[in-house]
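# Structure at a glance
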Protein chains: 2
Amino acid sequence: MTVAPVNPPARLLMGPGPVNADPRVLRAMSAPLVGQFDPVMTGYMSETQELYRQVFATRNDATLLVDGTSRAGIEAAVVSLVRPGQRVLVPVFGRFGHLLAEIALRAQAEVHTIATEWGQVFTPSAVEEAVARVRPHLVAVVQGDTSTTMNQPLDELGAICARHGALLYTDATASLGGNPFEMDAWGLDAATAGLQKCLSGPSGSAPLSLSEQAVAVVRSRHRVEAGLREEGDDDAPDPVLSNYFDLGQVLDYWGPRRLNHHTEATSMLYAARECARVLLDEGRDQVVARHARAGAAMLAGVRGLGLGVFGDVAHKMHNIVAVEIPAGVDGDGVRAALLHDYGIEIGTSFGPLHGRVWRIGTMGVNARRDAVLTTLAALEQVLRRAGARVPHGGGVDAAAEVYGDAA
Amino acid sequence: MTVAPVNPPARLLMGPGPVNADPRVLRAMSAPLVGQFDPVMTGYMSETQELYRQVFATRNDATLLVDGTSRAGIEAAVVSLVRPGQRVLVPVFGRFGHLLAEIALRAQAEVHTIATEWGQVFTPSAVEEAVARVRPHLVAVVQGDTSTTMNQPLDELGAICARHGALLYTDATASLGGNPFEMDAWGLDAATAGLQKCLSGPSGSAPLSLSEQAVAVVRSRHRVEAGLREEGDDDAPDPVLSNYFDLGQVLDYWGPRRLNHHTEATSMLYAARECARVLLDEGRDQVVARHARAGAAMLAGVRGLGLGVFGDVAHKMHNIVAVEIPAGVDGDGVRAALLHDYGIEIGTSFGPLHGRVWRIGTMGVNARRDAVLTTLAALEQVLRRAGARVPHGGGVDAAAEVYGDAA
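As the structure is a computational prediction, the values presented were derived from the model and not from experiment.

We now examine the sheet that holds strand S5 (residues 138–142) of chain A. All names here are of chain A. Taken in spatial order, the seven strands line up as S2-S10-S9-S8-S5-S3-S4 in an open sheet, and their pairing is mixed. Each edge of the open sheet is held by one strand with a lone partner, namely strand S2 (62–66) and strand S4 (110–115). Strand-to-strand twist of the sheet, defined as the mean angle between neighbouring strand axes without regard to direction, takes the value 20 degrees. Here six bridges tie strand S3 (residues 87–92) to S4, and the two strands are oriented parallel to one another. Its bridge partner lying in S4, Val92 is registered against Ala115. Those strands touched by helix H7 (residues 212–220) are S2, strand S8 (167–171) and strand S10 (206–210), and its axis lies near 95 degrees from that of S10.

And the structure:
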């Protein structure tokens, strides 16, 4: 077989992610490689750590990248923080809560879940009741679950966990950058993310941060790798059940000892560094505000087209909305027409929402006025051709009003 | 903190890897993203699978990428193929053999090792004796171990394992592309690699291939992820101890069902696809021959400078040589001077060889005449300034002779 170099078509990615990468991030990835322990490389690693401290709003020294997709970051956090048999509590409000529970189960934890209806979030008191009852070592909760679009408030959960002696971990993959996030102020012990949502990068690198308390757990299970161990090195009797995801070893590599672990994924590091750099260059609060505005405009726009919206909208993420598929309209047909005729991708959905809603994202570099208006204009045309009755210009006008101007 | 975009200095990376990426691979990574289930994306995924079948010389349907560095591929293979308590035999002839043993231990295998002196490989009969004694479920062996530069012959090991009912896995990270590799002809059940050595790409994606027999093991432990499971889906009682590295789930994602697992790392997929494409465009045998020649030239060159070479040179990889540091010469000082004055990186070494040898690579896009001669010319100058007596032009002349011409 012979193939040509990749030459992807133009796409406006308005689904639940991955979304379009910022062109500056794509350019960063084409920079030449340097050696693993070249001072230039270790300098980039240290800068990347400092940039993600700012992105996560934390002073945690233990802030770094896990080399893999966002779920690699999740698994690294869970498997490093939880010993087999320890209790983990997962409040599940969508598909990615099920994923946290699955990952904890495979790490041989005793997993307890509480559930809420899809489209809702948990009250702090519901979480506290469960924490008091289960007495978990770790509470693992998704911040923004794209499967339902909900954004779980976390600001009170750190204090609850602290009161009951539990660590608090959150998967902020879908929410970080587009919604408020305060690692230290909220008392989080661990947080992980990915690049492919509000950070405007490709999937494949997972920023992660650990509090001092979380680092203490990781250190208590620390074992230096067999081929590198020297006299006096840590050799815990119950090491993490993974070498790749052993955050103690990963910390040794990112820390001053620079002890070889994996070979850091250079180009993805360049991407992750640039994602954080462009975000902080615009300003963390400004980026959240841009997502809030684009999300409000898209919400107004789909309502302006007469479409219903799923879930507790007061608690949805800024960067995604679940739009009810009108009766008699072929949801997959609409998605295919948007892709084929307009080069625009919107998302399908999982589980109980499958076939019931489209998920439309406004995230990262795509959280902007022209992307919102273009999507609404195209959706109006596609819905019309699919036989739905839609008010002419109703989507675009409502969205433009959010932006304070006429379209 | 504000930082500028990455702007790495010019480097000629002649160490044990990562080495310079092919500029075509770097360019591929700057291509725009497409959606995860866009037909263009799934088409690229299928093409990538077919390209790596050719690279591995296999007809294995189960050929795909693991999203992480080369050791992510290793861990995915081991943790998916080995149940807790099963016996794994690791012939250890360098640091990366210790890594295989460590990863298998963490997967709760009963790990048995055999050892040989650093700088040597195992005879088939030594492996067979151990297989007959240990009766392992899996034999896990590194093909090329950069820590010693040795290239373990694998061509008889598949038959040995088959006779004794063991599966055979090899870590071909450092060797694939630069040395002969015949997955099917040698009877391998699993193989993994990385991009950052002879494939001329960045670290961060791990090509992997499984035989039908290996797939049967993976399938026997198959459990569809909690949030996606439907009536009648597999739900094995002893799933793999990892979600991220559960090759059964990864196969569902790469296979016709396209069941969501991680979000494929788009830019790294572009890179991996381009690495294979440029390799196959030049021709698999031609690329190995180019590495053989560059390796022979570098070997002749360092000897022409009067330097000793470590290990059983008849069994070393084409793409790396371990060069003894002359008495009285500061090994790290020479490496620093090469980097500072010439922008050339060569490698230090691990374990018993630490401080005794430099490791000089000729791999991927750097397995070429001008890179070899430039490195030797610079090394001569640096050695001279470090007080070593070196024959003027002795390295370059000997290397040029291998290329059949005067320098």
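Next comes the rest of the description.
Turning next to the relation of the copies chain B and chain A. When chain B is fitted to chain A, the residual RMSD is 0.0 Å, and the transformation amounts to a turn of 180 degrees plus an axial shift of 0.0 Å. A rotation of that kind, with that shift, is consistent with a two-fold axis. No C-alpha of chain B lies nearer the rotation axis than that of Gly68 of chain B, which sits 2.3 Å from it. Of all interface residues in chain B, 100% are interface residues in chain A too; the two copies therefore contact each other through one and the same surface.

Residues Tyr52 of chain A together with Tyr52 of chain B are the most contacted members of the largest nonpolar core, which totals 216 residues. Each residue touching Tyr52 of chain A, except ones within four places of it in the same chain, is listed here: Thr63, Leu65, Leu195, Leu199, Pro207, Ala272, Cys275 and Ala276 of chain A.

Size of an interface: often given as the accessible area lost when the parts come together. Of the residues lining the interface, 81 residues belong to chain B; the matching set on chain A comes to 81 residues. Buried area between chain B and chain A, both sides added, is near 6700 Å², and the carbon and sulfur share of it is 60%. Put simply, chain B and chain A have eight salt bridges between them. Linking Arg95 of chain A and Glu225 of chain B is a salt bridge whose minimum nitrogen-to-oxygen distance equals 3.0 Å. Within the residue set of the side of chain B that touches chain A, elements represented by two or more residues are helix H1 (23–29), helix H2 (39–56), helix H3 (70–81), helix H4 (95–106) and helix H9 (266–282) of chain B. For the side of chain B that touches chain A, the residue count by class is 39 nonpolar, 23 polar and 19 charged.

All names here are of chain A. The assigned domain composition of chain A is domain 1 (22–280) and domain 2 (285–402). With centres defined by C-alpha atoms, the gap from domain 1 to domain 2 works out at 30 Å. Tallying the contact residues gives 25 residues for domain 1 and 21 residues for domain 2. Across the domain 1 to domain 2 interface the summed buried area is about 1900 Å²; carbon plus sulfur atoms make up 67%. Contact with domain 2 buries surface across domain 1, with Trp118, Thr146 and Thr149 losing the most and accounting together for 27% of the total. Inspection of the region where domain 1 meets domain 2 yields zero salt bridges. The interface formed by domain 1 and domain 2 holds nine residue pairs in polar contact (both at pLDDT 80 or more) in total. Counting only elements with at least two residues in the side of domain 1 that touches domain 2, the list comes to strand S6 (144–145) and strand S7 (150–151).

With that settled, consider the confidence of the model for chain A. Chain-level statistics for chain A give a pLDDT mean of 96 and a share of 100% at 70 or above. With a pTM of 0.97, the predicted complex shows an ipTM of 0.97.

So, on to the sheet that holds strand S5 (residues 138–142) of chain B. All names here are of chain B. Ordered in space as S2-S10-S9-S8-S5-S3-S4, the seven strands form an open sheet in which the pairing is mixed. At either margin of the open sheet sits one strand with a lone partner, and together these are strand S2 (62–66) and strand S4 (110–115). Here the strands of the sheet are splayed against their neighbours by 20 degrees on average, with no regard to which way each runs. As defined by bridge partners, strand S9 (residues 190–192) adjoins strand S10 (residues 206–210) across three bridges and the pair is classed as antiparallel. Residue pairing across strands places Ala191 opposite Ser209, the latter belonging to S10. Across the sheet, helix H8 (residues 247–254) lies against S2 and S10, angled at about 100 degrees from S2, the strand it touches most.

Residue and element names in this part refer to chain A. A complete count under the given rule lists 42 salt bridges over all chains for this structure. Between Arg53 and Asp61 there is a salt bridge; the shortest N-O distance is 3.6 Å. Asp61 gets classed as exposed once you look at its relative accessible area, which sits at 63%. The shortest N-O distance in the salt bridge between Arg277 and Glu274 comes to 2.9 Å. Taken as a pair, Arg277 and Glu274 lie in helix H9 (residues 266–282) at a separation of three residues, close to a single helical turn. A single salt-bridge network, built from bridges that share partners, covers Glu50, Arg53 and Asp61.

Cut-offs and rules
- Residues numbered from 1 in each chain as written.
- Chains lettered and ligands numbered in written order.
- Predicted model: local features only at pLDDT ≥ 70, side-chain atom pairs only at ≥ 80, totals over all residues.
- Heavy atoms only, no water.
- Pairing = 2+ DSSP bridges.
- Helix = DSSP H or I, 4+ residues; strand = E, 2+ residues; numbered from the N terminus.
- Axes fitted to C-alpha atoms, helices over the stretch in contact; angles between N-to-C directions.
- Contact = heavy atoms within 4.5 Å.
- Least-squares fit on C-alpha atoms with pLDDT ≥ 70 in both.
- Core = buried A, V, L, I, M, F, W, Y, C linked by side-chain atoms within 4.5 Å.
- Buried < 20%, exposed > 50% of the residue type's maximum accessible area, 1.4 Å probe, protein only.
- Buried area = accessible area lost by both parts, 1.4 Å probe.
- Salt bridge = Lys/Arg side-chain N within 4 Å of Asp/Glu carboxyl O.
- Nonpolar A, V, L, I, M, F, W, Y, C, P; charged D, E, K, R; others polar.
- Domains from an automatic or database assignment.
- Polar contact = N/O pair within 3.5 Å; in protein donor to acceptor, adjacent residues only side chain to side chain.
- pLDDT = per-residue confidence, 0-100.

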